[in-house]
Amino acid sequence: KRYNNNLKRVSSSKLFSKTSMEDEEWISITANKGAIVRKGIELDSEKIDILPYGTKCKASYTTKMKRVQIYTPIKGWISQKCCGPLLKNEHAPSFSEMKNLRWIIDIGDWKPSQKEFVFLLDLIPEKNEREAVLKYTKKLDQYRALISRLLIRNCCSK
């Protein structure tokens, strides 16, 4: 929670508005030590990762909180002072540069409920793909097949 000048309690969601896709731009991490990526806009929210100097990110600015919401390479929030626009000699990553995108997901401890599993399975529109997931007899193999198909769709949608 944040306080405004009148000392009224204001939720952080009222301090910024969701930006449209048109407001997004490519930025670069300019801080020598990199930028700490946090889960939420608040400085005390969970730390997700640290992006090294020079990392290119797709982002939208939030001026009231001096925070930047980033969408690639990971989703989260960073400080405005750690980043800047791409320099004239820099360019946004092309598709060929982004094709080496990798996600690591540890599903070893993931135990979805039957309802959650069915919901995620229903996100796959092709019947034959859903059947291919269910053909595995071991649950862990089904989880791997499901997540791999969802990751492919996520990558293609970007």
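Residues numbered from 1 in each chain as written. Predicted model: local features only at pLDDT ≥ 70, side-chain atom pairs only at ≥ 80, totals over all residues. Heavy atoms only, no water.

Kindly report on the overall build of the protein, identifying the contributing residues and their values.
Within the protein one finds four helices and nine strands. The order of helices and strands in the protein, counted from the N terminus, is β-β-β-β-β-β-β-β-β-α-α-α-α. A burial count over the protein gives 32% of its 158 residues as buried. (Helix = DSSP H or I, 4+ residues; strand = E, 2+ residues; numbered from the N terminus. Buried < 20%, exposed > 50% of the residue type's maximum accessible area, 1.4 Å probe, protein only.)

Can you explain the packing of aromatic side chains? Please cite residues and give values.
Applying the stated rule across the entire model yields two aromatic pairs. Between phenylalanine 117 and tyrosine 143, the aromatic rings sit 5.8 Å apart at their centres with planes inclined by 55°, giving tilted as the arrangement. In this pair, phenylalanine 117 is assigned in helix H2 (residues 114-122) and tyrosine 143 in helix H4 (residues 139-157), connecting sequence segments 26 residues apart. An identical accessibility class is assigned to phenylalanine 117 and tyrosine 143; each is buried. Pairwise contacts between aromatic rings join Trp110, Phe117 and Tyr143 into one cluster. Over the face of the ring belonging to tyrosine 136 we find lysine 135, whose NZ or CZ atom lies 5.6 Å from the ring centre. The ring of phenylalanine 117 carries lysine 139 above its face, with NZ or CZ at 5.6 Å from the centroid. (Phe/Tyr/Trp six-rings, centres within 6.5 Å; stacked < 30°, edge-to-face > 60°. Lys NZ or Arg CZ within 6 Å of the ring centre and 35° of its normal.)

Which residues make up the packing of H2 against helix H3 (residues 127-134), and what values go with them?
At a minimum axis distance of 10 Å, the contact between H2 and H3 shows a crossing angle of 145°. Here Phe117, Leu121 and Asp122 of H2 lie close against H3, whose contacting residues are Arg130, Val133 and Leu134. Here the residues of the contact of H2 with H3 are counted per class, giving four nonpolar, no polar and two charged. (Axes fitted to C-alpha atoms, helices over the stretch in contact; angles between N-to-C directions. Contact = heavy atoms within 4.5 Å. Nonpolar A, V, L, I, M, F, W, Y, C, P; charged D, E, K, R; others polar.)

Break down the state of the cysteines for me, with residues and values.
Counted by the stated rule, this structure contains zero disulfides. Unpaired in this structure, cysteine 57 has its nearest cysteine sulfur neighbour in cysteine 83, at a distance of 7.7 Å. Cysteine cysteine 82 shares no disulfide, and the gap to the nearest cysteine sulfur, in cysteine 83, comes to 7.0 Å. (Disulfide = S-S within 2.5 Å.)

Residues and numbers for H2, please.
Those residues of H2 not exposed but buried are Phe117, Leu120 and Leu121. Here the buried residues of H2 occupy an arc of 100° about the axis, which is enough to place them on one side. Among the exposed residues of H2, those oriented more than 90 degrees off its buried face are Lys115, Phe119 and Asp122. (Arc of directions from axis to C-beta.)

Outline the layout of surface pockets, supporting the account with residue identities and numerical values.
Taken as a whole, the second largest pocket encloses approximately 170 Å³ of empty space. Around the second largest pocket, the lining residues are Lys33, Gly34, Ala35, Ile36, Arg38, Leu43, Ile50, Arg67, Ser79, Lys81 and Cys82. If you tally residues by element for the lining of the second largest pocket, the top one is strand S4 (residues 35-38), at three residues. Within the lining of the second largest pocket, the residues separate by chemical class into five nonpolar, two polar and four charged. (1 Å grid on protein atoms, 1.4 Å probe; cavity = no way out; pocket = protein on both sides within 12 Å on 5 of 7 lines; lining within 4 Å. Points joined across faces, edges and corners; volume = space filled by probe spheres on them.)

If you had to explain the nonpolar core to someone new, which residues and values would you point to?
Membership of the largest hydrophobic core comes to 13 residues, with the highest contact counts inside it found for Ile27, Ile29, Val68, Ile70 and Ile78. Non-local contacts of valine 68, meaning those with residues more than four positions away in its chain, are made with Ile27, Ala59, Ser60, Tyr61, Gly76, Trp77, Ile78, Gln80 and Cys83. Counting residues in each nonpolar core, the second largest holds eleven residues, with Phe117, Tyr143, Ala145 and Ile147 among its members. (Core = buried A, V, L, I, M, F, W, Y, C linked by side-chain atoms within 4.5 Å.)

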